[in-house]
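# Secondary and tertiary structure notes
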Amino acid sequence: MTKAENAFPDPQLGEPFLLTPGPLTTAFSVKEAMLRDWGSWDGDFRAMTKSLCDQLVEMAGDTAGDYACVPMQGSGSFSVEAMLGTLVPRDGKVLVLANGAYGLRAAETLRVMGRAFTLINKGDYLPPRGDEVAMALDADPAITHVIAIHCETSSGILNPVAEIAAAVISRGCKLLIDSMSAFGAVELDVRQIPYEAMVSSANKCVEGVPGFGFVIARKSALEAAKGNAHSLSLDVAAQWSAMVKTGQWRFTPPTHVVAAFLEALRLHRLEGGVAGRGARYTRNRDVMVAGMRALGFETLLADRWLSPIIVTFFNPAHPNFVFDRFYGLMKAKGFIIYPGKLTVVDSFRIGCIGRMDEHVMRRVVAAAAEALTDMGVDSAAPPAAAIAERAKLAA
């Protein structure tokens, strides 16, 4: 094995590769960083929090000092709710752009917290486009904010946030971006897309471990948001205010997760930042998709919409193909894949992110080929209904 092939060795503890959109396979040094205990009030840990925030703001491209990073305890969905509940005034109205589970989850979050919203729902996999957003905003002047999903991992589609942003900002509305599964590997520079706020999570493209999300928001928006939040603990403005004053999180922080994330950020920089990380993930995708197509599998999406994060494949039409057995065979060969979330046709997903490279992805394809043989599936071609659904995207 060459040095290049050994750049991303198998997980040292023997666990399978996680071919999911997060949690994902992490470097052993990221795991090792969690072996030390930290006092959440101590100056050393406060310095760690500051470093984390400074590096993320830099990653977002803010050179003018207009934005702040506010880490929030919990899963990514906690931070999405915190962003919406803090930055959308109680008398505001949100246009939700949905083309999968996470846009719909944003709408449900707004419903539960009692914020007014309207929904553009493109179904499982069609992207919301700038002209549609413009028409919706022109038709409803009550809309104050728009939330867009950067990468909708239900299907693996990378949504066109630049054209969405142009429509939103030109109409004086404020753009919120859920970049949970894309930030750190797909460019989202505030100098190019001046969003009001975006949200992501530690256990995605930076390759940390689960435990906190973070909101990167305009400082002016955070200052204006005092009193908006529906929740004590999910108040981004209050968290930011406390960190400015004391350097501390308001409630017990995930200290070990922060330490792991700082190591993940170090590795991210060594790889060349967003561009370097994105290039590896793109190569992972290209090698894996080419290999799976050679086996007869079909992707849900046309190439122009494929993200470098996760790819959706149609289940084969062959009567011997049973996803649960396929999943088990792939796991036994060292790879955990992801069930599909489409409502019309059966599918599964394979993630491209995490501590792995194209050499690992070639092994994934080989494992899939072996699994098909073990199942007695001699064709991975999807049913005609799946191809008909995909044709809608081309149209």
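Residues numbered from 1 in each chain as written. Predicted model: local features only at pLDDT ≥ 70, side-chain atom pairs only at ≥ 80, totals over all residues. Heavy atoms only, no water.

Next up on the list: the layout of surface pockets. Looking at the largest pocket, its volume works out to about 450 Å³. Lining the largest pocket are 26 residues, and of these Gly76, Ser77, Tyr102, Arg105 and Met180 sit closest to its centre. Counting only elements with at least two residues in the lining of the largest pocket, the list comes to α3 (76-87) and α4 (101-113). Broken down by element, the residue count for the lining of the largest pocket peaks at five residues, all from α4. Roughly 350 Å³ of volume is contained in the second largest pocket. Together, 16 residues line the second largest pocket, and Lys50, Cys53, Asp54, Cys69 and Trp240 are the ones closest to its centre. Going through the elements one at a time, α2 (43-59), β2 (67-73) and α8 (236-246) are the ones with two or more residues in the lining of the second largest pocket. Per element, the largest residue contribution to the lining of the second largest pocket is six residues, and it comes from α2. (1 Å grid on protein atoms, 1.4 Å probe; cavity = no way out; pocket = protein on both sides within 12 Å on 5 of 7 lines; lining within 4 Å. Points joined across faces, edges and corners; volume = space filled by probe spheres on them. Helix = DSSP H or I, 4+ residues; strand = E, 2+ residues; numbered from the N terminus.)

Glancing now at the pattern of salt bridges. Applying the stated rule across the entire model yields 22 salt bridges. Arg363 is the partner of Asp10 in a salt bridge, and the nearest nitrogen-oxygen pair spans 2.8 Å. Note that Asp10 is positioned in the segment before β1 (17-18) and Arg363 in helix α12 (residues 358-375), a separation of 353 residues in sequence. Look at Arg363 and you get partly exposed, because its relative accessible area is 38%. Across the pair Arg280 and Glu207 runs a salt bridge, and its minimum N-O distance is 3.0 Å. Here Arg280 is found in helix α10 (residues 273-294), whereas its partner Glu207 is found in the loop between β9 (197-201) and β10 (212-218), with 73 residues between them in sequence. Judged by its relative accessible area of 9%, Arg280 is buried. What you see here is one network of salt bridges that share partners, running through Glu207, Glu271, Arg277 and Arg280. (Salt bridge = Lys/Arg side-chain N within 4 Å of Asp/Glu carboxyl O. Buried < 20%, exposed > 50% of the residue type's maximum accessible area, 1.4 Å probe, protein only.)

A few words on α8. Residue pairs three or four apart in sequence face the same way in an α-helix, which turns once every 3.6 residues. Among all positions in α8, only Val236, Ala237, Gln239, Trp240, Ala242 and Met243 are buried. Looking at the packing, one finds that the buried side of α8 touches α2, β2, α3, β10 and α7 (219-224). At the N-terminal end of α8, a side-chain oxygen is found 3.1 Å from the backbone nitrogen of Ala237, two or three residues along, and the residue is Asp235. (Contact = heavy atoms within 4.5 Å. Polar contact = N/O pair within 3.5 Å; in protein donor to acceptor, adjacent residues only side chain to side chain.)

This next bit is on the sheet that holds strand β13 (residues 338-339). Here we have three strands laid out as an open sheet, ordered β11-β14-β13, and antiparallel in their pairing. Among the strands making up the open sheet, the edge pair consists of β11 (310-314) and β13. Bridge count between β11 and strand β14 (residues 347-351): five bridges; the pairing is antiparallel. The residue of β14 that forms the bridge with Val311 is Ile350. (Pairing = 2+ DSSP bridges.)

Once that is clear, we can look at the environment of Ala366. Within the fold, Ala366 resides in helix α12. On the basis of relative accessible area, Ala366 is assigned to the partly exposed category, the value being 36%. Distance from Ala366 to Lys204, taken between C-alpha atoms, is 26 Å for residues 162 residues apart in sequence.

A separate point is the packing of helix α9 (residues 255-270) against α10. At their nearest, the axes of α9 and α10 sit 7 Å apart, and the two run at 85° to each other. Taken together, the axes of α9 and α10 lie roughly perpendicular to each other. Residues Leu267, His268 and Arg269 of α9 form the contact with α10, whose participating residues are Gly273, Val274 and Arg277. Split by residue class, the contact of α9 with α10 holds two nonpolar, two polar and two charged. (Axes fitted to C-alpha atoms, helices over the stretch in contact; angles between N-to-C directions. Parallel < 35°, antiparallel > 145°, perpendicular 65-115°, else oblique. Nonpolar A, V, L, I, M, F, W, Y, C, P; charged D, E, K, R; others polar.)

One open sheet holds the seven strands; their spatial order is β2-β10-β9-β8-β5-β3-β4, and the pairing between them is mixed. Pairing within the sheet leaves two strands with one partner each, and these edge strands are β2 and β4 (116-121). Direction aside, neighbouring strands of the sheet carry axes that sit 20° apart on average. Sheet topology places strand β3 (residues 93-98) next to β4; six bridges connect them, and they run parallel. Residue Leu97 lies in a different strand from β4, and its bridge partner there is Ile120. Each of β3, β4 and β5 (145-149) is contacted by α4, which is oriented at about 155° to β3, the strand it contacts most. Strands β2 and β10 of the sheet are contacted by α8, whose axis makes an angle of about 105° with β2.

Now for the environment of Cys173. Within the element layout of this structure, Cys173 appears in the loop between α6 (161-170) and β8 (174-178). Residue Cys173 is classed as buried on the basis of its relative accessible area, which comes to 13%. The sequence separation of Cys173 and Arg46 amounts to 127 residues, and the corresponding C-alpha distance is 35 Å.

Time to look at empty space enclosed by the protein. The gaps of empty space that remain are located by a probe, the size of a water molecule, rolled over the atoms. One pass over the full model with this rule turns up one cavity of 30 Å³ or more. A volume near 30 Å³ is recorded for the largest cavity. Along the lines of polarity and charge, the residues of the lining of the largest cavity split into five nonpolar, no polar and three charged.

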